[in-house]
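Residue strings, one per chain:
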2 protein chains.
Amino acid sequence: MGGPEVEHLISLLARLPGMGPRSARRAALRLLRRPDERMLPLAAALVAAANAVKTCSLCGNLDSNDPCAICTAPNRDHTTICVVEGVGDLWALDRAGVYHGLYHVLGGTLSALGGVRPEDLNVAALLTRSGDGTVREIILALGATVEGATTAHWLTDRLRPLGVTVTKVAQGVPMGGALDALDDGTLAAALRARRES
Amino acid sequence: MGGPEVEHLISLLARLPGMGPRSARRAALRLLRRPDERMLPLAAALVAAANAVKTCSLCGNLDSNDPCAICTAPNRDHTTICVVEGVGDLWALDRAGVYHGLYHVLGGTLSALGGVRPEDLNVAALLTRSGDGTVREIILALGATVEGATTAHWLTDRLRPLGVTVTKVAQGVPMGGALDALDDGTLAAALRARRES
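Residues numbered from 1 in each chain as written. Chains lettered and ligands numbered in written order. Predicted model: local features only at pLDDT ≥ 70, side-chain atom pairs only at ≥ 80, totals over all residues. Heavy atoms only, no water.

Looking now at the sheet that holds strand β3 (residues 77-84) of chain A. Residue and element names in this part refer to chain A. Taken in spatial order, the four strands make up an open sheet running β4-β3-β5-β6, and their pairing is parallel. The two strands at the open ends of the sheet, each matched to only one other strand, are β4 (101-105) and β6 (165-168). Ignoring strand direction, the axes of neighbouring strands in this sheet form an average angle of 25°. Two strands pair when backbone bridges link them, and β3 and strand β5 (residues 137-140) are joined in this way by four bridges, in the parallel orientation. Bridging from a neighbouring strand, Cys82 pairs with Ile139 of β5. (Pairing = 2+ DSSP bridges. Helix = DSSP H or I, 4+ residues; strand = E, 2+ residues; numbered from the N terminus. Axes fitted to C-alpha atoms, helices over the stretch in contact; angles between N-to-C directions.)

What follows deals with the environment of Ala178 of chain B. Mapping Ala178 of chain B onto the fold places it in the loop between β6 (165-168) and α7 (184-192). Measuring from C-alpha to C-alpha, the distance between Ala178 of chain B and Val53 of chain B comes to 40 Å, with 125 residues separating the pair along the chain.

Quick look at the nonpolar core now. Most often, soluble globular proteins have nonpolar side chains that are buried together. Membership of the largest hydrophobic core comes to 108 residues, with the highest contact counts inside it found for Leu13 of chain A together with Leu13 of chain B. Contact partners of Leu13 of chain A, with chain neighbours within four places excluded, come to Met19, Ala24, Ala27, Ala28 and Leu31 of chain A together with Leu16 and Leu42 of chain B. (Core = buried A, V, L, I, M, F, W, Y, C linked by side-chain atoms within 4.5 Å. Buried < 20%, exposed > 50% of the residue type's maximum accessible area, 1.4 Å probe, protein only. Contact = heavy atoms within 4.5 Å.)

Residues and elements named next belong to chain B. Taken in spatial order, the four strands make up an open sheet running β4-β3-β5-β6, and their pairing is parallel. Edge positions in the open sheet fall to β4 (101-105) and β6, since each of these has one partner strand only. Across this sheet, the average inter-strand angle for adjacent strands is 25°, counted without regard to direction. Running at roughly 160° to β4, helix α4 (residues 87-96) makes contact with β3 (77-84) and β4 of the sheet. The sheet contacts of helix α6 (residues 146-159) involve β3, β5 (137-140) and β6, and relative to β5 the element is tilted by about 170°.

Regular strands place their side chains on alternate faces of the sheet. Two strands pair when backbone bridges link them, and β5 of chain B and β6 of chain B are joined in this way by four bridges, in the parallel orientation. In the sheet register, Ile138 of chain B faces β6 of chain B, and the bridge partner there is Val166 of chain B.

This next bit is on the relation of the copies chain A and chain B. Rotating chain A by 180° and translating it 0.0 Å along the rotation axis places it on chain B, where the RMSD comes to 0.0 Å. Look at the turn and shift together and you get a two-fold axis relating the two. In terms of C-alpha distance to the rotation axis, chain A has Ala43 of chain A as its closest residue, with the C-alpha 2.1 Å off the axis. (Least-squares fit on C-alpha atoms with pLDDT ≥ 70 in both.)

To continue, consider the packing of aromatic side chains. Residue and element names in this part refer to chain A. Under the criterion given, the structure shown has two aromatic pairs over all chains. Summarising the aromatic geometry, the rings of Tyr99 and Tyr103 are spaced 5.1 Å apart at their centres and angled 70° between planes, so their arrangement reads as edge-to-face. Each member of the pair, Tyr99 as well as Tyr103, carries the same accessibility label: buried. (Phe/Tyr/Trp six-rings, centres within 6.5 Å; stacked < 30°, edge-to-face > 60°.)

Bringing the confidence of the model for chain A into the picture now. Low-pLDDT stretches of the model should not have their predicted coordinates read in fine detail. All names here are of chain A. Here chain A averages 91 in pLDDT, and 100% of its residues register 70 or above. When pLDDT is averaged over each element of chain A, β4 comes out on top at 96 and helix α7 (residues 184-192) at the bottom at 81. Here the predicted complex carries an ipTM of 0.78, next to a pTM of 0.78. (pLDDT = per-residue confidence, 0-100.)

Take the pattern of salt bridges next. Residue and element names in this part refer to chain A. If you walk through the whole model with that rule in mind, you get eight salt bridges over all chains. Across the salt bridge formed by Arg117 and Asp120, the nearest N and O atoms sit 3.5 Å from each other. The class for Asp120 is partly exposed, based on a relative accessible area of 41%. (Salt bridge = Lys/Arg side-chain N within 4 Å of Asp/Glu carboxyl O.)

The next subject is helix α4 (residues 87-96) of chain A. Of the positions making up α4 of chain A, those classed as buried are Val87, Leu90, Trp91 and Asp94 of chain A. Down the axis of α4 of chain A, the buried set is contained in an arc of 95°. They therefore lie on one face. Summarising the contacts, the buried residues of α4 of chain A are in contact with β2 (62-63), β3 and β4 of chain A together with α1 (4-13) and α2 (21-33) of chain B. Once α4 of chain A finishes, Gly97 of chain A follows within two positions and takes phi at roughly 70°, a positive value. (Arc of directions from axis to C-beta.)

The next subject is the side chain of Asp63 of chain B. Relative to the helices and strands, Asp63 of chain B resides in strand β2 (residues 62-63). Among buried Asp, Glu, Lys and Arg side chains, Asp63 of chain B stands out as unpaired, with Lys54 of chain B the closest opposite charge at 7.7 Å. Of note is the side chain of Asp63 of chain B, whose polar atom sits 3.4 Å from the backbone nitrogen of Gly3 of chain A. Other than its neighbours up to four places away in sequence, Asp63 of chain B contacts Gly2 and Gly3 of chain A together with Ala52, Val53, Lys54, Cys68 and Ala69 of chain B. (Lys, Arg positive; Asp, Glu negative; His and termini not counted. Polar contact = N/O pair within 3.5 Å; in protein donor to acceptor, adjacent residues only side chain to side chain.)

Time to look at unusual backbone geometry. For the bond running from Asp66 of chain A to Pro67 of chain A, omega is -5°, close enough to zero to count as cis. Counting through the fold element by element, Pro67 of chain A comes out in the loop between β2 and β3.

Below you can see the structure in the form of structure tokens.
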């Protein structure tokens, strides 16, 4: 509908996370109603972001500067590095506003099935940073999956000899979570990690 | 996160229907991972669609040609016009593939509260088309709302004198709809419009 240009636009919009063919059509229509106010600014923003954004050579974050704003922030705690799988995890943690150290983006997790080996991840840079004498604690904030746990275990073995403290984020009942809605694995982890109240 | 260009892109993506701040961030990240394959093609598609798409001067559809592909299709039934509120309705009906006549996009419905008067809608062109001698039936496919019903009533009064048959799409139980999940208005309409089975 609407000609080949619109069909093509809808097919690209439908590939965005959270969008499907139906919402892509609605989005395309909304944009088409105000081309100058909505479509062209979005196109310009895409081009600007594509041109501006680089991968930080220190931590793997995406930012318009390399090193990124976090790695160069003088008011952040440069003795602590929080290791995450992806940039989305970094953004989520930083939005929470409870952590003020540095980050390190692995770019994935080790996976025998998926064929992801240590050399496929941003690991060498992490080992270099961790052994530079400044860093004192590495917090592993990896997903609570088999691959996340395997990666955490493998990293712990390599980070401990560098003289840094290696910790993991706690597992348990999420804030606002009803116990009867949780899976067995979460319940077991929450029970195992129980503390005096 | 990610610098001002990325923040700006996220704010624009979050305004698309079906998207929120969270999915806009995920979408931006997905695009940023492959700028050349995902971001720049999407930007180009937006510009191409903005430049190509026109409003059909006959029916109000959006298309890369004016008159649109539907109005100029020789294999469509030019004696029937289906009147819809918006281009999205036209696309939805045409995708269903059960109607092969022409369309007319009103661009809204009459609304005393919203201050939408007949002259704010694409009505004059509809009356001209309807009285040209070719058209025999006008199907009103407006929403089952107070405004939709008011608009249908108002249009019927003006279209009948032109010598065309004016019909309305049926109201009733939607396909796959469980009776106990439907609202009272739909149930009442379905009962009133009952037919021998």
